[in-house]
Amino acid sequence: MNAEAPQRVLILGGVRSGKSAQAEQWAKHSARPVTYLATARIEDEEMRARIAHHRSTRPAHWQVIEEPVALARTLLTHAHPEGLILVDCLTLWLTNLLFDSDPQCAQREQDALLALLPSLPGTLILVSNETGLGVVPLGELTRRFCDQAGRLHQALATLCDPVLLMVAGLPIFLKGRP
């Protein structure tokens, strides 16, 4: 990864596709100070176990920030030209936005993120679940989630380079190269 110019990396993939591991490897090899921005909320024991697994694989010297909603504000606060921020993951963040009591929260926060990215200093790695490879979901909320995730991914892909799709632990470059 280029240590001089700001870089935006988007890593997409299905559940257990290797996207988080790929992002963490890039961050480890970047020679930049890493800030890990986690968006998950612990809602049940299964999620607690997932989060514990992720915590156990991260280097202890990484700064970790847990922020489930105010992603753009948090990025702006912690980004610096020499740093790298790894956001894991955007689909959990989007879920948090859709369940927020403010019906305008999802659009406002997504707009803020997309407006911020071009001017954000440093390197940014965004991890997200690709949800558009299956059948159309039956429930209204699930369809809305998939539609919003798809639109968010399309908008981010125009702002990011490279863009990867992880399949079985292997990166497929959709745009650019590392």
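What comes next is a walk through the structure. Since we're looking at a predicted model, the values are computed, not measured.

So, the pattern of salt bridges
- One pass over the structure, following the stated rule, counts 5 salt bridges.
- D102 serves as the salt-bridge partner of R108, at 3.0 Å between the closest nitrogen and oxygen.
- The class for D102 is partly exposed, based on a relative accessible area of 26%.

Description of the pairing of strand 3 (residues 63-66)
- With 4 bridges joining them, strand 2 (residues 34-38) and strand 3 adopt parallel strand pairing. The partner of L37 across the bridge, within strand 3, is I65.
- For the segment spanning strand 2, helix 2 (residues 45-57) and strand 3, crossover handedness is right-handed.

Examining helix 3 (residues 71-78)
- Among the residues of helix 3, L71, A72, T74 and L75 are the ones counted as buried. Mapping the buried residues of helix 3 onto a view down its axis gives an arc of 165 degrees, with all of them on the same face. Summarising the geometry of helix 3, the exposed residues directed more than 90 degrees from the buried face are R73, L76 and T77.
- Buried residues belonging to helix 3 abut strand 2, strand 3, strand 4 (84-88), helix 4 (90-98), helix 5 (105-116) and strand 5 (123-129).

Quick notes on the nonpolar core
- Counting residues in each nonpolar core, the largest one holds 31 residues, and the members touching the most others are L75, V87 and L126.
- Residue assignment for this core shows that the elements contributing at least two residues are strand 1 (7-13), helix 3, strand 4, helix 4, helix 5, strand 5, helix 6 (140-159) and strand 6 (163-167).
- In this structure V87 touches L37, T39, L71, L75, L124, I125, L126 and V127, once residues within four positions along its chain are discounted.
- Membership of the second largest hydrophobic core comes to 16 residues, among which are A27, L86, C89 and V127.

Some remarks on the pairing of strand 2
- Counting buried residues in strand 2 gives 5 out of 5 residues, a clear majority hidden from the surface.
- Neither face of strand 2 is exposed, since V34, Y36 and A38 on one face and T35 and L37 on the opposite face are all buried.
- Bridge count between strand 2 and strand 4: 5 bridges; the pairing is parallel. Along strand 4, the bridge assignment pairs V34 with L84.

Let's talk about the packing of aromatic side chains
- By the definition in use, this model includes 1 aromatic pair.
- Between Y36 and W62, the aromatic rings sit 6.4 Å apart at their centres with planes inclined by 20 degrees, giving stacked as the arrangement. With Y36 in strand 2 and W62 in the loop between helix 2 and strand 3, this residue pair connects regions lying 26 residues apart in the sequence. As far as burial versus exposure is concerned, Y36 and W62 are alike and both buried.
- Stacked on the ring of Y36, the Lys or Arg R58 has its end atom at 3.9 Å from the ring centre.

Rules used in this analysis
Residues numbered from 1 in each chain as written. Predicted model: local features only at pLDDT ≥ 70, side-chain atom pairs only at ≥ 80, totals over all residues. Heavy atoms only, no water. Salt bridge = Lys/Arg side-chain N within 4 Å of Asp/Glu carboxyl O. Buried < 20%, exposed > 50% of the residue type's maximum accessible area, 1.4 Å probe, protein only. Pairing = 2+ DSSP bridges. Helix = DSSP H or I, 4+ residues; strand = E, 2+ residues; numbered from the N terminus. Right-handed = clockwise from strand over helix to strand, strands pointing away. Arc of directions from axis to C-beta. Contact = heavy atoms within 4.5 Å. Core = buried A, V, L, I, M, F, W, Y, C linked by side-chain atoms within 4.5 Å. Phe/Tyr/Trp six-rings, centres within 6.5 Å; stacked < 30°, edge-to-face > 60°. Lys NZ or Arg CZ within 6 Å of the ring centre and 35° of its normal.

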